[in-house]
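Structure at a glance
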Amino acid sequence: MVIDFHHARGPEIELCFGDDGGDSAAENDWSLLPFMALSDGAHLSTEEFSYFTVRRKETATQPATSLFGISCSRQIDSNILLYRPPDVTRSTVQKAVVVITDSPQRLGQLREKLSIVTSAWFAQRDFSDYDILKKFREGLVISLKKDEDTKDQNLGLSLREMIHEFKHQTLVLFKALLLQPKMLFFGTKCERLCMIQFSLISLIPGLMSRLQDSADPAFDTYAQTVEKPTSLKTSDRSSLLAYMGLPLQIFGKGSMFGPYTPLQQLDLLADHGTKSYVVGSTNSLLLQQKDRYSDILVNLDEDTLTISSPSLRNALTLSVADRRWIDLLTQIINETWDDAHPQQPKTHGYMGSEEFIRLQFEEYLLALLSCMQYHEELSSSTTGEPGGRSRAQLEAYNIEGDPALEFNAEFLAQWSNTPNYSLFKRLTSDALLFSIVEPRHPCAGGLTIDDVQRRVTQQVAELHLDERVREGREALNRHLSTGQKKVSAAFNSFWADIESMREAQRKKTEERTSPSQRSSLDRGSRNSPPFSPSDTASINSTGGASWFTGRKAPSVDMAQAQASVSAVSQKAGAYFSSWGTWASEKRKEWQEKKPTPTSPITTSPSVPTLTCSTEAGEADRGRLSMQSRRSEDFSTLSRSGSRRKRWSNILLRRESGEFSRKDDQTGDSDEQETTYSKSPLSQEAPAFGETHSEAVVCQQEHTTQHEAENQGNDMTTVTDNTVHTTTETQTDPSSLPSPPKEELHLNTDIHTEKAD
C-alpha cells in the first residue's frame, strides 16, 4: 500500500496492491490505517518506521484475525519532482510505503527490504511510476512462502538495550505484563517505541506466534481453539512449553496490542469492553490524560516508569530473590556492553547475548509457573478442598515451605485473578508441573551481605559520581576562568575610571586658571631669571602673589630631572669660572695701567666724552626703567635676579681692590636695584689720553649694549675698550651683560615647561 499526506484531506490511501488485485483496505474497512502508517512527528525525520495492528474481517474460508503492518515514511522536496501533480501545493511531499502481513515474526526482515525499496522509489522523483512497488510485492510473496516453516525470528528486537536502559525495571515490566494492566508507552521516536513493546512481549516464549487476537478486544480465537496437551516430550522444547501452559495468552478477550496507536483509536481504548492493553503513542496529549488511559506509563524519552495504582505498585515490588536475579543479569549485560554494537556483547560469546537473555527469562517464567501450581496445591490441601492432593502426597516431593513466596505473595494474589492465569490453570489442571520443573526461584534465598554490597554498588554506579565529579571539575575550571576574566576586566575598568577622573580633574584645574595668570606665566617663563628651590621656598614663605602657590606640583621624571639639574650645574659652574678668570685678567691689566696715587683725578672736558656720557646715562636710565617695570610684574622673582647681579658687582669690585661696605649694606633692597658709585679705578685718567678715540669707543660700547639687550644679552666676552668706556661714562657694572645667567635661565625654563 501507498499512503499519501494530502494538504487538505490529511493522510489517505493512495493505492493498494492486494491478492488477486483486490482492495484489502476497502474490504476490511481500514479507515484508520493511514493515521497508523504516518505517525505523529514523522515529518521531523528523514525516514521513520511505524508498526501497528489491523483486524481482518471474517471470510467464508478464514476467521477474523489480526494482521500486522509496517510502514516506511519519507519526504521529498516538491520542486525537484519530475512530475508534479496539480494537487501538490506544499513545498514537500510526504508518503509512506506499507506492508501488511499475517505474522509479526517477519517484521524484522521486512524492515530492511522496505527501507531499500522506499528509498529507490523516492529517488525516481516520479510517484506516478509504481512498477518498482509491484515487483517488490511479487518478490516478497515468493520469499515469505519459502520461509513459512522458519522458527521464531526476533530481528530488530534488542533485549540488551532494554535491560541496559531500564535495568531492574525490566523485570517489573515483565511481571506487569502478566497482570494485564493498561500499559501506555510514550516516545517521540516511533520505531524505538514499537521495538520496546515487541521486545517485552517476546520475553514470553511462544507469544509472538500467538497474537491473532491482539488487534481487537473482541477477538478470543486462541482461548476457544487451544487444546489441552495430553503428552509430554521432554526432548522437544515446543512440547515442554505447551505442556507447561505456554504461551500465556496476554492478548485475549478484552485486551489488545497496538505498537503504534493514533489518537483516532482513543475511543477504542476507553471502551468499556477494553480491560487491558499494551499500546504506544508519540503524541504528548496522552501524557496529560495518563491517569485515564494508563495504569502504567513508560516514558521512553526520560526512561521512567510510573505506576498510578497503589495496589498494583505493591504487587510489582520486587522481592529479594527477584532483585538478586535481575541485578545479576544486568551486571552481565553491563560487563559485555559495547557502545558501537549494542545488540551484541563485546566478547561475541553466549553470555549476554539475545538468546542468553531469552533463556534466562524462560527459566524464570517456568520456575514461576511451577511454584504457582505447587502454591495452589498447598493451599488446597490446607483448606481441604475436594479433588486436591493431600499433605502427605505433597511432602513426598521434598519441597520445603512455599517457594512461590519468593516471587512476592501480593503479585501471586493479583495474577491468579487475570484471564491469562485462568487459561493457564485450565490447560494445566492435571499436570504436575512441579514434578517436571523444580519449584524454586532461580535466585532463591534470604538477603545476604553480597546482595547489599551489589545493591550499593549498583546504586552508586547509577549516580554516575565519576561523571558528575568530572563535569563539576570542568564547570569549576570554567567558572574560575570566567571569574578571573571578570575580575581582570573589572580592575581594568576601575583603573580606567580613575584615570578618566584624574584627567577630568586636571582639565578642571586648567580651566580654573585665569587667562591673565596663564599669560603672566608665559611671560615669566620667557623673561624671568633662573631661580633655585631655595628662592621658591622664600617666595612662598613671604606670601607673595606668585602663581606657584596655587599651582599643582607637576609629576616629574626624577631621572630626567636629575640629569637636567646636573647639566645646568656644570654649565653654571663653567660660566662662573669664566667670569672669575675674566675678572682676574682685568685686575692685572688695571694694576699695570694704574698711575701713581698722587696724580690728580681729572675728567676729560672733551665734548664727545660728555655726549657719550649723556647718551650712556640715558641708556642707563632706560634700562633701569625697563628693569623697574619688570620688577613690578615679577616682584617676588626680582630678588633672586638682584642678588645675582649684586654678587657679580661685588666680585668685580673685590677684584679691583675697591670694595665698599656701605654699598654692601645698602644692597639688600628687594624692590629696586642698587646703583653703585664709580670706583676710584674709574675716576682715573684714561690710559690712552685721546678724547676722540674714547668717544668712538663709548659709541661702540653703547651699540654693543643695545645689541646685547635685543639678543637676550648673549655675550661671552668683553673687550678692554668696553671696560674703559663704562668707567668713563659712570655706567653701573651691574648693567653689564650676563650671558651665563641668561642661558641658565633659559635651560631651567625649558626643563620646567617639560616637567609641566
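As named in an unreviewed UniProt entry, the protein chain is UDENN domain-containing protein, taken from Aspergillus aculeatus. If you open the UniProt record of the protein chain and go to Sequence similarities (unreviewed entry), you find "Belongs to the AVL9 family."

It is worth spelling out the sheet that holds strand β10 (residues 304-307) at this point. As summarised here, the arrangement of the five strands in space is β7-β8-β6-β9-β10, forming an open sheet in which the pairing is mixed. The open sheet is flanked by β7 (255-258) and β10, the only strands paired with a single partner. Averaged over neighbouring strand pairs, the angle between their axes works out to 15° when direction is ignored. Pairing of strand β6 (residues 182-186) with strand β8 (residues 276-281) involves five bridges; the strand directions are parallel. Its bridge partner being in β8, leucine 184 is matched across the sheet by valine 279. Relative to β10, helix α6 (residues 169-179) is tilted by about 40°, and along the sheet it contacts β6, β8, β9 (296-299) and β10.

Moving on: the pattern of salt bridges. With the rule as written, the count across this model stands at 20 salt bridges. Salt-bridge contacts for aspartate 102 lead to arginine 106; the nearest nitrogen and oxygen are separated by 2.9 Å. Close ionic contact of glutamate 354 with arginine 358 constitutes a salt bridge, the shortest N to O distance being 3.9 Å. With glutamate 354 and arginine 358 both in helix α15 (residues 354-383) and four residues apart, this pair spans about one turn of that helix. Overlapping salt bridges bring together Asp4, Glu14 and Lys95 as one network.

Our focus in this paragraph is the environment of leucine 246. Tracing the sequence through the fold places leucine 246 in the loop between α9 (237-243) and β7. Placed 41 residues apart in sequence, leucine 246 and proline 205 show a C-alpha to C-alpha distance of 6.9 Å. Not counting residues up to four positions away in its chain, the partners in contact with leucine 246 are Pro205, Leu241, Leu365, Leu366 and Leu369.

In this model, α15 (30 residues) spans 44 Å end to end at C-alpha, consistent with the 44 Å of a helix rising 1.5 Å per residue. Of all 30 residues in α15, 21 are buried, a share of seventy percent or more.

Taken together, the side chains of Ile449, Val452, Val456 and Val460 define a hydrophobic patch exposed on the protein surface, amounting to about 320 Å² of accessible area. Considering the arrangement of structural elements, one finds valine 456 in helix α20 (residues 449-463). Owing to a relative accessible area of 43%, valine 456 belongs among the partly exposed residues under this scheme.

With that settled, the discussion passes to the sheet that holds strand β3 (residues 47-56). In spatial order, the strands read β2-β1-β5-β4-β3; together these five strands make up an open sheet with antiparallel pairing. Either end of the sheet is taken by a strand with one partner, and the two such strands are β2 (10-15) and β3. Across the sheet, the mean angle separating the axes of adjacent strands is 30° when strand polarity is ignored. As paired elements, strand β1 (residues 2-6) and β2 share five bridges and run antiparallel to each other. Opposite isoleucine 3, over in β2, you have isoleucine 13 as the bridge partner.

The subject of this paragraph is the pairing of β6. With respect to burial, β6 is a largely interior element, five of its five residues being buried. Relative to β9, β6 runs parallel, the two being bridged by four bridges. In the strand pairing of β9, phenylalanine 185 is matched with valine 298.

What follows covers the packing of aromatic side chains. The final tally for this structure, using the stated rule, is 19 aromatic pairs. Here tryptophan 121 and phenylalanine 127 contribute two aromatic rings whose centre-to-centre distance is 5.0 Å and whose plane-to-plane angle is 65°, an arrangement assigned as edge-to-face. Assessed through its relative accessible area of 0%, tryptophan 121 is described here as buried. Exposure remark for phenylalanine 127: the relative accessible area of 8% places this residue in the buried category. Each member of the aromatic cluster is reached from another via a ring pair, and the members are Phe174, Trp325, Phe361, Tyr364 and Phe407. In this structure, lysine 95 packs its charged tip against the face of phenylalanine 127, placed 5.3 Å from the ring centre. Taking NZ or CZ as reference, lysine 175 lies 4.3 Å from the ring centre of phenylalanine 411, over its face.

Attention shifts here to the confidence of the model for the protein chain. With 68% of its residues at a pLDDT of 70 or more, the protein chain has an overall mean of 76. Predicted confidence is poor over residues 596-619, with pLDDT under 50, and the contacts of this stretch with residues over four places away or in other chains come to 22 contacts. Segment residues 628-638: pLDDT under 50, and 13 contacts once partners within four positions in sequence are set aside and those in other chains are kept.

This part is about the side chain of glutamate 191. Along the chain, glutamate 191 turns up in helix α7 (residues 190-201). One polar contact links glutamate 191 to arginine 111, side chain to side chain, over a distance of 2.4 Å. Ignoring anything within four residues of it in the chain, the contact list for glutamate 191 reads Glu48, Phe49, Tyr51 and Arg111.

On to helix α4 (residues 131-146). With 16 residues, α4 extends 24 Å between its outermost C-alpha atoms, agreeing within 8% with the 22 Å of an ideal straight helix rising 1.5 Å per residue. Looking at α4, one finds that the buried residues are Leu133, Phe136, Leu140, Ser143 and Leu144. Projection of α4 onto a plane perpendicular to its axis shows the buried side chains occupying an angular sector of 95°, all on one side. Across α4 from its buried face, at more than 90 degrees, point the exposed residues Lys135, Glu138, Lys145 and Lys146.

Conventions we followed
- Residues numbered from 1 in each chain as written.
- Predicted model: local features only at pLDDT ≥ 70, side-chain atom pairs only at ≥ 80, totals over all residues.
- Heavy atoms only, no water.
- UniProt positions renumbered as here; feature names shortened; annotations may be inferred.
- Pairing = 2+ DSSP bridges.
- Helix = DSSP H or I, 4+ residues; strand = E, 2+ residues; numbered from the N terminus.
- Axes fitted to C-alpha atoms, helices over the stretch in contact; angles between N-to-C directions.
- Contact = heavy atoms within 4.5 Å.
- Salt bridge = Lys/Arg side-chain N within 4 Å of Asp/Glu carboxyl O.
- Expected span 1.5 Å × (residues − 1).
- Buried < 20%, exposed > 50% of the residue type's maximum accessible area, 1.4 Å probe, protein only.
- Patch = residues over 30% accessible without salt bridge, like charges linked within 9 Å, V, L, I, M, F, W, Y side chains within 5 Å.
- Areas by Shrake-Rupley, 256 points an atom, 1.4 Å probe, with all protein chains shown as cover.
- Phe/Tyr/Trp six-rings, centres within 6.5 Å; stacked < 30°, edge-to-face > 60°.
- Lys NZ or Arg CZ within 6 Å of the ring centre and 35° of its normal.
- pLDDT = per-residue confidence, 0-100.
- Polar contact = N/O pair within 3.5 Å; in protein donor to acceptor, adjacent residues only side chain to side chain.
- Arc of directions from axis to C-beta.

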